[in-house]
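Single-letter residue listing:
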Amino acid sequence: MAILHAKMNWGGGLKFTGTSAFGHSITTDIAKDKGGDESGYRPTELVLFAVAGCTGVDVVRILQKQRQELTGLEISVEARDTEELPKYFETVNVTYRFKGKNLDLHKLEQAVELSESKYCTVSESLKQNVKVTTSIEILPD
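Below you will find a few notes about this structure. Each chain has its residues counted from 1, running along the sequence as written. Residue-level local features of this predicted model are given only where pLDDT is at least 70; pairs of side-chain atoms are given and counted only at 80 or more, and the full residue set underlies all totals for whole chains, interfaces and linings. Side-chain metrics in this entry use all non-hydrogen atoms of the structure; hydrogen atoms and water are not considered.

1. Topic: the environment of serine 25
Piece 1. Helix numbers and strand numbers start at the N terminus; a helix is a DSSP run of H or I with at least 4 residues, a strand a run of E with at least 2. With respect to the helices, strands and loops of the structure, serine 25 is situated in strand E3 (residues 25-28).
Piece 2. Spatially, the C-alpha atoms of serine 25 and methionine 8 are 9.8 Å apart, while their sequence positions differ by 17 residues.
Piece 3. Whether two residues touch is decided by their heavy atoms; if any such pair falls within 4.5 Å, the residues are in contact. When near neighbours in sequence (up to four residues on either side) are disregarded, serine 25 contacts Gly18 and Thr19.

2. Re the packing of aromatic side chains
Piece 1. Classification of ring pairs rests on two measures: the distance between centres of Phe, Tyr or Trp rings, Trp counted by its six-membered ring, which must be within 6.5 Å, and the angle between planes, read as stacked under 30 degrees, edge-to-face over 60 and tilted in between. The full count for this structure, using the stated rule, is 2 aromatic pairs.
Piece 2. Here tyrosine 96 and phenylalanine 98 contribute two aromatic rings whose centre-to-centre distance is 6.2 Å and whose plane-to-plane angle is 10 degrees, an arrangement assigned as stacked.
Piece 3. When a residue's accessible area, from a 1.4 Å probe over protein chains only, is under 20% of the maximum for its type it is buried; when over 50% it is exposed; and in between it is partly exposed. By relative accessible area, which is 15% here, tyrosine 96 ends up buried.
Piece 4. Exposure remark for phenylalanine 98: the relative accessible area of 22% places this residue in the partly exposed category.

3. Observations concerning the layout of surface pockets
Piece 1. The distinction between a cavity and a pocket rests on a 1 Å grid over the protein atoms alone: a 1.4 Å probe fits inside a cavity but cannot get out, while a pocket stays open yet meets protein on both sides within 12 Å along at least five of seven lines, and a residue with an atom within 4 Å of a point counts as lining. Grid points are joined across faces, edges and corners, and a volume is the space filled by probe spheres set on the points. What the largest pocket holds in volume is close to 1,800 Å³.
Piece 2. Lining the largest pocket we find 38 residues, and of these Leu4, Ala6, Leu46, Ala50 and Val122 sit closest to its centre.
Piece 3. Only strand E2 (16-19), E3, helix H1 (43-65), strand E5 (89-101) and helix H3 (121-127) provide two or more residues apiece to the lining of the largest pocket.
Piece 4. Looking at which element gives the most residues to the lining of the largest pocket, the answer is H1, with 8 residues.
Piece 5. Around the second largest pocket sit 14 residues that line it, and Arg42, Thr44, Glu45, Asp81 and Phe89 are the ones nearest its centre.
Piece 6. Among the secondary structure elements, those contributing two or more residues to the lining of the second largest pocket are H1 and strand E4 (69-81).

4. Section: H1
Piece 1. Between its first and last C-alpha atoms H1 spans 34 Å; for 23 residues at 1.5 Å apiece the expected length is 33 Å, and the two agree.
Piece 2. Taken as a whole, H1 has its buried residues at Leu48, Val51, Ala52, Cys54, Thr55, Gly56, Asp58, Val59, Ile62 and Leu63.
Piece 3. Buried residues in H1 make contact with E4, E5, helix H2 (105-119) and H3.
Piece 4. Within two residues after H1, arginine 67 carries a phi angle of roughly 60 degrees, on the positive side. The span one expects for a helix is its residue count, reduced by one, times 1.5 Å.

Here it is in structure tokens:
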């Protein structure tokens, strides 16, 4: 079992900044009309990027093993959330746009299906009931 870790630090206003395991920084913020200053990604937007990145890695690896001559792949993710609280994603639609030479539609479909049903942790987590636990610590000022 892999244990993943993320930590973000408050940067004032409604902005938070975190650093990845590879040393890359990311900033989140919210829309101006909700009190933010739009100086980063919306947190919910990052979930959509995570779906696209996760399934993209799977699909490319599978197609490489199937010797498909992939020259490009664009993955678009669109989500619709509920109007009432607590808000959650009601629907998530993933569109794959492939480019390549002599691509086999059956192999493309197979790669996407394997990613969505077996390999992509992010997509699978959105489908499942995820147990979320919390803890609170008070640090010296």
